[in-house]
Amino acid sequence: MAAEQSNDVQAFIKHWSAAPISERSQYQTFIIQLCRLIGVPAPDDVRAGDLDYCFERSVQFRHDDGSTTAGRIDCAKLGCFVLEAKQSDKRRDGGPMDTAAQLAPVGQVFQTRTRVIAARR
């Protein structure tokens, strides 16, 4: 399944900046919509059940004392990234990690990329 790109950066930022949600309840939806926004496949878009690009990836955390514990990574793509979704009061209403401020660069990059593509046509 190909990723269907959305051009409405401001609507995405507005929607997620105002969302009074918990980390667990909506992070997968957020990531899927972010992937659509930037025009890349989301987990399971290319191959359902792909453990190399998935949500809730099982891992073994290794500790300094040699012990291990089972855990999960919120979203991971082998060889590319690990994403852990976190929620905090610091992300609200102008806090140091305000969601709107954190999402603003996404809009800037997307708008620049769109202008470059349009200029090439």
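Just above, that's the structure.
Anyway, here's the lowdown on the structure attached to this text. Numbering of residues starts from 1 in every chain and runs along the sequence as written. Given that the model is predicted, a residue must reach a pLDDT of at least 70 before its local features are reported, and side-chain atom pairs must reach 80 or more before they are shown or counted; all residues, however, enter totals for whole chains, interfaces and linings. Hydrogens and water are ignored here; the side-chain numbers use all heavy atoms of the structure.

Among the nonpolar cores identified, the biggest contains 8 residues, and these are Tyr27, Ile31, Cys35, Ala42, Tyr53, Phe55, Cys75 and Ala85. Numbering of helices and strands starts at the N terminus; helices are DSSP runs of H or I of at least 4 residues and strands are runs of E of at least 2. Breaking this core down by element, the ones donating at least two residues are α2 (23-38) and β1 (53-62). Considering every element that reaches this core, the biggest residue donor is α2, with 3 residues. By the convention used here, residues are in contact when the closest approach between their heavy atoms is within 4.5 Å. Not counting residues up to four positions away in its chain, the partners in contact with Ile31 are Phe55, Cys75 and Leu83. With 6 residues, the next largest nonpolar core counts Val9, Ile13, Trp16 and Leu37 among its residues. Nine residue types can take part in a nonpolar core, namely buried Ala, Val, Leu, Ile, Met, Phe, Trp, Tyr and Cys, and a core is a set of them joined through side-chain atoms within 4.5 Å. To sort residues, take the accessible area from a 1.4 Å probe on protein chains only and compare it with the maximum for the residue type: under 20% means buried, over 50% means exposed, and anything in between is partly exposed.

This part covers the pairing of β1. As paired elements, β1 and strand β2 (residues 68-77) share 9 bridges and run antiparallel to each other. Looking at β2, one finds that Phe61 is bridged to Thr69. When DSSP locates at least two bridges between a pair of strands, those strands are taken to pair. The turn linking β1 back onto β2 is made up of 5 residues, and Gly66 within it adopts a positive phi angle of 95 degrees.

Let's shift gears to the side chain of Asp74. Within the secondary structure, Asp74 sits in strand β2. By relative accessible area, Asp74 is classed as buried at 2%. Of note is the side chain of Asp74, whose polar atom sits 2.7 Å from the backbone nitrogen of Ala85. Here a polar contact is recorded for every N or O atom pair within 3.5 Å, except that within protein the pair must consist of a potential hydrogen donor and a potential acceptor, and residues adjacent in sequence are included only if both atoms are side-chain atoms.

The subject of this paragraph is the packing of aromatic side chains. The aromatic pairing rule takes the rings of Phe, Tyr and Trp, using the six-membered ring of Trp, and pairs them if the centres are within 6.5 Å, calling planes under 30 degrees apart stacked, those over 60 edge-to-face and the rest tilted. Tallied over the full model, the rule gives 4 aromatic pairs. Ring geometry for Trp16 and Phe30: centres 5.2 Å apart, planes at 90 degrees, overall edge-to-face. With a gap of 14 residues between them, Trp16 in helix α1 (residues 9-17) and Phe30 in helix α2 connect regions that are remote in the sequence. We classify Phe30 as partly exposed; its relative accessible area is 23%. Seen from their ring centres, Tyr53 and Phe81 are 6.1 Å apart, and the 85 degrees between their planes marks the pair as edge-to-face. Note that Tyr53 is positioned in strand β1 and Phe81 in strand β3 (residues 81-83), a separation of 28 residues in sequence. Since its relative accessible area comes to 11%, Tyr53 is described here as buried. For Phe81, a relative accessible area of 32% puts it in the partly exposed group. Charge-over-ring placement is defined geometrically: NZ (Lys) or CZ (Arg) within 6 Å of the ring centre, and within 35 degrees of the ring normal. A cation over an aromatic ring shows up here: Lys77 above the ring of Tyr53, its NZ or CZ 4.8 Å from the ring centre.

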